[in-house]
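# Summary of the model geometry
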Amino acid sequence: MQNKENISISNKILKKIKISVVIPTFNRVAYLERCISSVIKQSYKIDEIIVIDNNSNDNTVEFIKNKYPFIKLLNEEKEGVSFARNYGIKKAKNKWIAFLDSDDEWNKKKIEKQVEKILFSKSKYKIIHTNEKWIRNGKHLNKKKKHEKKGGYIFNDCLEICKISPSSVLMHKSLFLKYGYFDDNLVVCEDYDLWLRITSQVLVGYVDEVLLIKHGGHEGQLSKKYWGIDRFRVQALEKLILKFFLNADQKYLVIKMIIKKLNILSKGAKNRGNNKMLISIKQKEKFWKQELHKHEKSSV
């Protein structure tokens, strides 16, 4: 009797949620087999795998065509992970989208656990992420307290740094239509930018199990190419407060975070002897301190 119930639940799940996996890649053929294999081996059957190649010159296209002819391979000459992800989202045939960076890999039960969260939780989640493990140069890397993941209304927790890894996410396509896509004008922090837009309005589901392995330390990682990552976070925060609906409390927290990050950047610019940037940062800092003062005055 128990077996029949399990089969019944499995059939119900399979009919209800079909998932497209979007994998952007650029010159990472050495990692693709590990990545794609972790998708194929999922305990929950994946309906569609899309690889978006950003004009690689390392035989990525040939590798995919020869080894995985069933994969939908999209070629896009414009480089950039945001553009690639957005392209994959728009070409995906299913309403549920999962992302996986081509150097990362999933635990075999990753999608199954997230689907269970969608179907059997009281809350109607449209975005669910998971815990993760970090591997750098083949060695396990301990995470700090500030990297701790959680679910719920997590906007406040997402202001400091990015708290959701794209490779851990399963989300409904409707969220992109409502809150926008990855901003391809941001060379980094494009995920931080999108999650802020979404978490400011949406309840986030979370599976507190290590279901993603993130591999780092190799060449080509965007976070290693740019100094002062907070420059891009400030850009995202400014866009959020100027172009997106926030309540008064959220605006206050965003302004305070902008000022905090500008203060960090001003110290960095000063240490680098970059006077031009220092002047620009100080001007911004002055503007946002005035905005903070206005906000505090109006809320008295």
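Predicted, not measured: the structure shown is a model, and the values here were computed from it.

## Observations concerning the confidence of the model for the protein
Across the protein, the average pLDDT comes to 91, with 91% of residues at 70 or higher. For residues 1-9, every residue scores under 50 in pLDDT, and the model assigns this stretch one contact once sequence neighbours within four places are set aside.

## Describing the packing of helix α9 (residues 248-272) against helix α10 (residues 275-298)
For the pair α9 and α10, interaxial distance at closest approach is 9 Å and the crossing angle is 155°. Comparing the axis directions of α9 and α10 gives the class roughly antiparallel. Once α9 is placed against α10, the crossing between them reads as left-handed. Here the contact of α9 with α10 is composed, by residue class, of 13 nonpolar, three polar and nine charged.

## Considering the pairing of strand β1 (residues 19-25)
Counting buried positions along β1 gives seven out of seven residues, so the element sits mostly inside the fold. Neither face of β1 is left uncovered, since the one carrying I19, V21, I23 and T25 and the one carrying S20, V22 and P24 both have all their residues buried. Strand direction decides the pairing type here: β1 and strand β4 (residues 96-99), joined by four bridges, are parallel. Note on β4: the bridge partner recorded for V21 is A98.

## A look at the pattern of salt bridges
Per the counting criterion, the structure on display carries 23 salt bridges. The shortest N-O distance in the salt bridge between K260 and E160 comes to 2.8 Å. Taken together, the residues span a long stretch of sequence, with K260 in helix α9 and E160 in the loop between β7 (139-141) and β8 (170-172) at a distance of 100 residues. Residue K260 is classed as partly exposed on the basis of its relative accessible area, which comes to 41%. The exposure class assigned to E160 is partly exposed, which follows from its relative accessible area of 26%. One salt bridge connects D193 with K239, and the closest N-O pair in it is separated by 3.0 Å. Here D193 is found in helix α7 (residues 190-199), whereas its partner K239 is found in helix α8 (residues 230-243), with 46 residues between them in sequence. Note on K239: relative accessible area 22%, which makes it partly exposed. Each of the salt bridges in this network shares a partner with another, and the network as a whole consists of E160, D230, R233, K260 and K261.

Definitions and cut-offs
Residues numbered from 1 in each chain as written. Predicted model: local features only at pLDDT ≥ 70, side-chain atom pairs only at ≥ 80, totals over all residues. Heavy atoms only, no water. pLDDT = per-residue confidence, 0-100. Contact = heavy atoms within 4.5 Å. Axes fitted to C-alpha atoms, helices over the stretch in contact; angles between N-to-C directions. Helix = DSSP H or I, 4+ residues; strand = E, 2+ residues; numbered from the N terminus. Parallel < 35°, antiparallel > 145°, perpendicular 65-115°, else oblique. Left-handed = near helix turned anticlockwise from the far one by under 90°. Nonpolar A, V, L, I, M, F, W, Y, C, P; charged D, E, K, R; others polar. Buried < 20%, exposed > 50% of the residue type's maximum accessible area, 1.4 Å probe, protein only. Pairing = 2+ DSSP bridges. Salt bridge = Lys/Arg side-chain N within 4 Å of Asp/Glu carboxyl O.

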